[in-house]
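A structural walkthrough
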Amino acid sequence: MRTPIIAGNWKLHMNPEETTEFVEAVKDKLPDPAKVESLICAPAVDLDALRRAAKGSNLRIGAENCYFEDEGAFTGETSPKVLKEMGMDYVIIGHSERRIYFHETDEDINKKAKAIFANGLKPIICCGESLETREANKQEEWVVNQIEAALDGLTADQVSSLVIAYEPIWAIGTGKTASSDQAEEMCKTIRETIKDLYNEETAENIRIQYGGSVNPANIKELMAKPDIDGGLVGGASLKPDSYLALVNYQD
Ligand SMILES: O=C[C@H](O)COP(=O)(O)O
């Protein structure tokens, strides 16, 4: 049985004080992590506040990005080794905003996934097509290529423990959610791809999130789909009430 994982991706929002206030407001109302994992991925400058506030609670914590080297002359980058030392659990990589605005390639994302595993963290690997690609009906090919490239050289055990987030770019921050059927269709394709690349057990173990305008009103319908194991949530993860409604969707 896969444990659902609902993750907030705060993007470039929140400061350390707001982070502490947010965690104080949610930390005693989170579900049992054996039933639903509640995760917040915050900007690098907020991670110290996040880990201090979340200590001893059911909140899982993570970063929104990292570099693929642990240390060196890489001005402005974030070390996966230090993220681990700080107590992070997850790192998001390959978000479409990183691919588009910061020109991250599939090769970078693959290197980051390896560095994240080498440091004992878990990656959340994002994938998803543009509106143009969907209109050309090439979304499956696009996403399968992204997955194959991101996972290149990873073992079945590693892949079993990671999370893939399917986020169609046209549904991010637009209020335009993919229908639950569209989301399920692609998450199923991703699981089948994992089965082809690895084996059935790995495909059954891997958790696949949907992301793109997820909110308290649509979370239940999305989570009812057999191949959707969670959500990667931007805007609706920024307010404690909305975040709590998402992670407690089973109530
Ligand atoms: O990582 C989160 C996604 O980009 C979705 O953002 P959104 O929930 O604001 O549409």
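The structure presented is a predicted model; accordingly, all values stated were derived computationally and were not measured. (Residues numbered from 1 in each chain as written. Predicted model: local features only at pLDDT ≥ 70, side-chain atom pairs only at ≥ 80, totals over all residues. Heavy atoms only, no water.)

**Let's talk about empty space enclosed by the protein**
Cut-off, in case you're wondering: With a 1 Å grid spanning the protein atoms alone, the term cavity applies to any set of points in which a 1.4 Å probe fits but cannot get out, the term pocket to an open set with protein on both sides within 12 Å along at least five of seven lines, and the term lining residue to any residue with an atom within 4 Å of a point. Grid points are joined across faces, edges and corners, and a volume is the space filled by probe spheres set on the points. By definition, any uninterrupted DSSP run of H or I lasting at least four residues is a helix, any uninterrupted run of E lasting at least two residues is a strand, and each is numbered from the N terminus. Lys, Arg, Asp and Glu make up the charged group, whereas Ala, Val, Leu, Ile, Met, Phe, Trp, Tyr, Cys and Pro make up the nonpolar group; the residues left over, Gly among them, are polar.
Considering all chains together, one arrives at one cavity of 30 Å³ or more under this definition. Contributing to the lining of the largest cavity are G94, H95, S96, R99, C126, C127, G128, Q146, E167 and I172. For the lining of the largest cavity, the elements supplying multiple residues, two or more each, are α4 (96-101) and β5 (122-127). Here the residues of the lining of the largest cavity sort into three nonpolar, five polar and two charged.

**Remarks on the sheet that holds strand β2 (residues 37-42)**
The strands making up a sheet are joined through hydrogen bonds of the backbone, oriented either antiparallel or parallel. Rules: Paired strands are those between which DSSP finds at least two bridges. Axes here refer to lines fitted to C-alpha atoms; in helices the fit is confined to the stretch in contact. Angles between the N-to-C directions go from 0 to 180 degrees. Here, two residues are considered to be in contact whenever any of their heavy atoms come within 4.5 Å of each other.
Taken together, eight strands build a closed barrel; the order of strands is β1-β2-β3-β4-β5-β6-β7-β8 and the barrel is parallel. With strand direction ignored, the average angle separating the axes of adjacent strands in the sheet is 25 degrees. Of the pairings in the sheet, the one linking strand β7 (residues 207-211) to strand β8 (residues 230-233) comprises three bridges and is parallel in character. Residue pairing across strands places Y210 opposite G231, the latter belonging to β8. Packing against the sheet, helix α2 (residues 47-54) makes contact with β2 and β3 (59-63), and its axis sits at approximately 170 degrees to β3.

**Examining the UniProt feature "active site" (unreviewed entry) in the protein chain**
The criterion, for reference: UniProt positions are given in the numbering used here, feature names are shortened, and annotations may be inferred rather than shown by experiment.
Under the UniProt annotation, "active site" (unreviewed entry) lies at H95 and E167. Taken along the chain, the residues just named run across 73 residues; in space they keep tight, none of their C-alpha pairs more than 8.3 Å apart. Of the annotated positions mentioned, H95 and E167 line the largest cavity. Positionally, H95 belongs in the loop between β4 (90-93) and α4. Filtering out sequence-adjacent residues up to four positions away, H95 remains in contact with N9, K11, C126, E167 and I172.

**Regarding the environment of I169**
Summarising the element assignment, I169 is placed in the loop between β6 (163-166) and α9 (180-197). As for I169 and G128, which are separated by 41 residues in sequence, their C-alpha atoms are 6.1 Å apart. Dropping the residues within four chain positions of it, I169 is found in contact with S96, I100, G128, E129 and S130.

**So, the UniProt feature "binding site: substrate" (unreviewed entry) in the protein chain**
Cross-referencing UniProt, the feature "binding site: substrate" (unreviewed entry) maps to N9, W10, K11, G173, S213, G234 and G235 in the present numbering. Taken together, the annotated residues stretch across 227 residues yet fold into one region, lying no more than 13.9 Å apart by C-alpha. The subset of the named residues that lines the largest pocket consists of N9 and K11. With residues up to four places along the chain from it excluded, the contact list for K11 reads P43, E64, H95, E97, I172 and G234.

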